[in-house]
Amino acid sequence: MRKINTIIIHAADTPANMDIGAAEIDRWHKERGWSGIGYHYVIRRDGSLEYGRPESEQGAHAYGHNSDSIGVCMVGGMPDCNYTAAQWACMETLVSDLVRRYPDAEVIGHRDVSDKPCPMFDAKAWASTL
């Protein structure tokens, strides 16, 4: 089992009217030459949770931080923090569960380990309210 130190929150960087899921992201990542979807979880616009890579497998979502992290992607985020109430509810449930299972893991945004604004909100501050 991998040691998980970080839960990294991402945005799909899609407009609010574009409802995609794990299958579309898997296709996009394969088109980039990756083996498949880089995230472990995807939260769709309606708040439904879809599965990407198994947690037991290293992700491909945050360069230099994939070996010990779980990647969660919220659909949307372009050009701003346009997530739905259902997405926020799903995110709270999922991240609370992940933190229970990985109590030493820090919740951060992709922006905390890259030069991208993703996920368009301060994930550390949000997670501190859980």
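On a predicted model such as this, the values are computed, not experimentally measured, just so you know.

Enquirer: Can you help me understand the pairing of strand 4 (residues 69-74) in this one?
Expert: Of all six residues making up strand 4, six are buried, and the element is well covered by its neighbours. Relative to strand 4, strand 1 (residues 6-11) runs parallel, the two sharing six bridges. Within strand 4, the residue paired with His10 across the bridge is Cys73. Pairing geometry for strand 2 (residues 41-43) and strand 4, over three bridges, is parallel.

Enquirer: Quick question: what am I supposed to make of the sheet that holds strand 4 here?
Expert: Remark on secondary structure: sheet strands pair via backbone hydrogen bonds, oriented parallel or antiparallel. Read across the sheet, five strands follow the order 3-2-4-1-5 without closing on themselves; strand pairing throughout is mixed. Since the sheet does not close on itself, it has two edges, and those belong to strand 3 (49-51) and strand 5 (106-109), each with one partner. Between one strand axis and the next, the sheet turns through 25 degrees on average, direction left out of account. Contacts between helix 1 (residues 22-31) and the sheet are confined to strand 2, strand 3 and strand 4, with strand 3 contributing the most and set at about 40 degrees to the helix.

Enquirer: Would you mind going over the nonpolar core with me for this structure?
Expert: Across soluble globular proteins, nonpolar side chains show a tendency to be buried alongside one another. Membership of the largest hydrophobic core comes to 23 residues, with the highest contact counts inside it found for Ile9, Val72, Met91, Leu98 and Phe121. Of all the secondary-structure elements, those providing two or more residues to this core are strand 1, strand 2, strand 4, helix 2 (85-101) and helix 3 (123-127). At five residues, helix 2 tops the list of elements feeding residues into this core. Those residues in contact with Phe121 that lie beyond four places of it in its chain are Ile9, Met74, Cys81, Tyr83, Trp88, Met91, Arg111 and Trp126. Ala12, Ile20, Ile25 and Cys73 belong to the second-largest nonpolar core, a separate cluster that totals nine residues.

Enquirer: When you look at the pattern of salt bridges in this model, what are you seeing that I'm missing?
Expert: Opposite charge on two side chains lets them pair, provided their charged atoms get close. Following the criterion strictly, the structure yields nine salt bridges and no others. Arg44 is the partner of Asp19 in a salt bridge, and the nearest nitrogen-oxygen pair spans 3.4 Å. With Asp19 in the loop between strand 1 and helix 1 and Arg44 in the loop between strand 2 and strand 3, this pair connects stretches of sequence that are 25 residues apart. A relative accessible area of 40% places Asp19 in the partly exposed class. Where Lys30 meets Asp26, a salt bridge forms, and the shortest distance between an N and an O atom there is 3.1 Å. One end of the pair is Lys30 and the other is Asp26, both in helix 1 and four residues apart, which spans about a single turn. What makes Lys30 partly exposed here is its relative accessible area of 46%.

About the cut-offs
- Residues numbered from 1 in each chain as written.
- Predicted model: local features only at pLDDT ≥ 70, side-chain atom pairs only at ≥ 80, totals over all residues.
- Heavy atoms only, no water.
- Buried < 20%, exposed > 50% of the residue type's maximum accessible area, 1.4 Å probe, protein only.
- Helix = DSSP H or I, 4+ residues; strand = E, 2+ residues; numbered from the N terminus.
- Pairing = 2+ DSSP bridges.
- Axes fitted to C-alpha atoms, helices over the stretch in contact; angles between N-to-C directions.
- Contact = heavy atoms within 4.5 Å.
- Core = buried A, V, L, I, M, F, W, Y, C linked by side-chain atoms within 4.5 Å.
- Salt bridge = Lys/Arg side-chain N within 4 Å of Asp/Glu carboxyl O.

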